[in-house]
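# Observations on the three-dimensional arrangement
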Amino acid sequence: MTVAVAVAALATAGCGSGGGSSSGGKPDLVVSAAASLKDAFTQYAQQFPDATVRSSFAGSDELAAQIQQGVKPDVFASANTKLPDQLFQKGLVEKPVVFAGNRLVIAVPASGGKVASLSDLEKPGVTVAMGSATVPVGVYTRKVLAGLPSAESAKVLGNVRSNEPDVAGVVGKVTEGAVDAGFVYITDVDATDGKLKAIELPKSLQPQVAYEVAVVKGAKHPKQAQQFIDGLLHGAGQQALGAAGFEPPPAAGS
């Protein structure tokens, strides 16, 4: 999805009947969220009592770019802390809060294949997908590879056939059989209903994956946006995240 198309889509999402309200009388709450949050946020939206939630899922970097270009969803939820913090420093969002953690894994077909460990990604003929260098899952992946000896990292990178704009793209490549393996979050593997299985990374290489959320300044419904965020920390949203396999927010500095 291009930024221009996404801008138009979000503008439409925010314009329900009655000037930003749905036909049921509830306000329309526009939520821009990382692609990996799709299942959890969709479940939470169905239970959220204070608004009709209209969600847009994409790479966190793309959604942040939209906000910088003037798009004003009510809520921005990112798969990292860097992007919300940057928007906060620019005065575009309220103070962000960390609301969940996740774990990076290697996704492979459930039926098995060429890859059974991280070292298998170095082998000739193995094909790999990862997130692009600007999207959080891609940043986390490159951090893992940077922890390997340079020769091993170079071999893995040499087998990369696709740099995707969000984690959903990586999942798609592995599910379709376009590549042998891909770096994704454990929650993405769980959401495939058994089509993929996860290969865990060594603990020494596992990056700290933290998700952060903020109310966007200039949002049409800041009260409901804050209620949505509160639910991610202490209510139905937190339960939906747990059910989808997300971990509690990482402790600061851990």
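It should be noted that the structure appears before, not after, this text.
Below: a short report on this structure.

The rules behind each value
Residues numbered from 1 in each chain as written. Predicted model: local features only at pLDDT ≥ 70, side-chain atom pairs only at ≥ 80, totals over all residues. Heavy atoms only, no water. Helix = DSSP H or I, 4+ residues; strand = E, 2+ residues; numbered from the N terminus. Buried < 20%, exposed > 50% of the residue type's maximum accessible area, 1.4 Å probe, protein only. Contact = heavy atoms within 4.5 Å. Areas by Shrake-Rupley, 256 points an atom, 1.4 Å probe, with all protein chains shown as cover. Pairing = 2+ DSSP bridges. Axes fitted to C-alpha atoms, helices over the stretch in contact; angles between N-to-C directions. Core = buried A, V, L, I, M, F, W, Y, C linked by side-chain atoms within 4.5 Å. Expected span 1.5 Å × (residues − 1). Arc of directions from axis to C-beta. Phe/Tyr/Trp six-rings, centres within 6.5 Å; stacked < 30°, edge-to-face > 60°. 1 Å grid on protein atoms, 1.4 Å probe; cavity = no way out; pocket = protein on both sides within 12 Å on 5 of 7 lines; lining within 4 Å. Points joined across faces, edges and corners; volume = space filled by probe spheres on them. Nonpolar A, V, L, I, M, F, W, Y, C, P; charged D, E, K, R; others polar. Lys, Arg positive; Asp, Glu negative; His and termini not counted. Salt bridge = Lys/Arg side-chain N within 4 Å of Asp/Glu carboxyl O.

## Some thoughts on the overall build of the protein
The number of helices and strands found in the protein is 11 helices and 10 strands. Looking at the protein as a whole, 51% of its 254 residues are labelled buried. Within the protein, residue pairs in contact and separated by at least 24 positions form 75% of the contacts whose partners lie at least 6 positions apart. Element-wise, carbon and sulfur atoms account for 53% of the exposed surface of the protein, whose accessible area totals about 11,100 Å².

## Things to note about the sheet that holds strand 10 (residues 209-215)
Ordered in space as 2-1-3-10-4, the 5 strands form an open sheet in which the pairing is mixed. Each end of this open sheet is capped by a strand with a single partner; those strands are strand 2 (52-58) and strand 4 (97-102). Neighbour to neighbour, the strand axes of the sheet diverge by 20° on average, direction disregarded. Bridge count for strand 4 against strand 10 is 5 bridges, and the pairing is antiparallel.

## Considerations on the nonpolar core
Within the largest apolar cluster, 64 residues are counted, with the highest numbers of intra-cluster contacts made by Leu37, Phe41, Phe99, Ile106, Leu121, Phe183 and Phe228. With 5 residues, strand 5 (residues 104-109) is the single largest residue contributor to this core. Each residue touching Leu121, except ones within four places of it in the same chain, is listed here: Ile106, Val115, Val126, Val128, Lys155, Val156, Asn159, Ala181 and Phe183. Judged by nonpolar contacts, the second largest core, of 10 residues, contains Ala58, Ile67, Phe76 and Ala214.

## A look at helix 10 (residues 222-234)
When the terminal C-alpha atoms of helix 10 are compared, their 18 Å separation across 13 residues agrees well with the 18 Å that a helix rising 1.5 Å per residue should span. Regarding helix 10, the residues found buried are Gln224, Ala225, Phe228, Ile229, Gly231 and Leu232. Down the axis, helix 10 shows its buried residues gathered within 155° of arc, on one side only. Projecting away from the buried face of helix 10 at angles above 90 degrees are the exposed residues Lys223 and His234.

## Details of the sheet that holds strand 5
An order of 7-6-8-5-9 is seen for the 5 strands of this open sheet, with the pairing classed as mixed. The two strands at the open ends of the sheet, each matched to only one other strand, are strand 7 (160-164) and strand 9 (196-200). The average angle at which neighbouring strand axes cross in this sheet is 35°, direction not considered. Where helix 6 (residues 136-146) meets the sheet, it contacts strand 5, strand 6 (128-131), strand 7 and strand 8 (181-185), and its direction lies at approximately 115° from that of strand 8.

## A few points about the packing of aromatic side chains
This model, assessed by the stated rule, comprises 9 aromatic pairs. When the centroid spacing of 6.2 Å and the interplanar angle of 40° are considered together, the rings of Phe41 and Phe99 count as tilted. Taken as a pair, Phe41 in helix 3 (residues 38-47) and Phe99 in strand 4 lie far apart in primary sequence, 58 residues in all. Pairing Phe48 with Phe228 gives two aromatic rings, centres 5.4 Å apart and planes at 75°, and the pair type is edge-to-face. Of this pair, Phe48 sits in the loop between helix 3 and strand 2 while Phe228 sits in helix 10; the two residues are 180 residues apart in sequence, bridging distant segments of the chain. Judged on exposure class, the residue Phe48 and its partner Phe228 are both buried. Members of the aromatic cluster, connected to one another through ring pairs, are Phe41, Tyr44, Phe48, Phe99, Tyr140, Tyr185, Tyr211, Phe228 and Phe246.

## Observations concerning empty space enclosed by the protein
The full count for this structure, using the stated rule, is 1 cavity of 30 Å³ or more. Its volume calculated, the largest cavity comes out at about 60 Å³. Taken together, 13 residues line the largest cavity, and the ones lying closest to its centre are Ala34, Ala79, Val135, Val167 and Tyr185. Of the residues that constitute the lining of the largest cavity, the class distribution is 9 nonpolar, 3 polar and 1 charged.

## A short note on the side chain of Asp61
Residue placement: Asp61 occurs in helix 4 (residues 60-68). Of the side chains bearing the opposite charge, Arg142 lies closest to the buried Asp61, which forms no salt bridge; the N-O distance is 10 Å. Ignoring any residue separated from it by four or fewer positions in sequence, one finds Asp61 in contact with Leu83, Thr134, Val135, Pro136 and Pro165.

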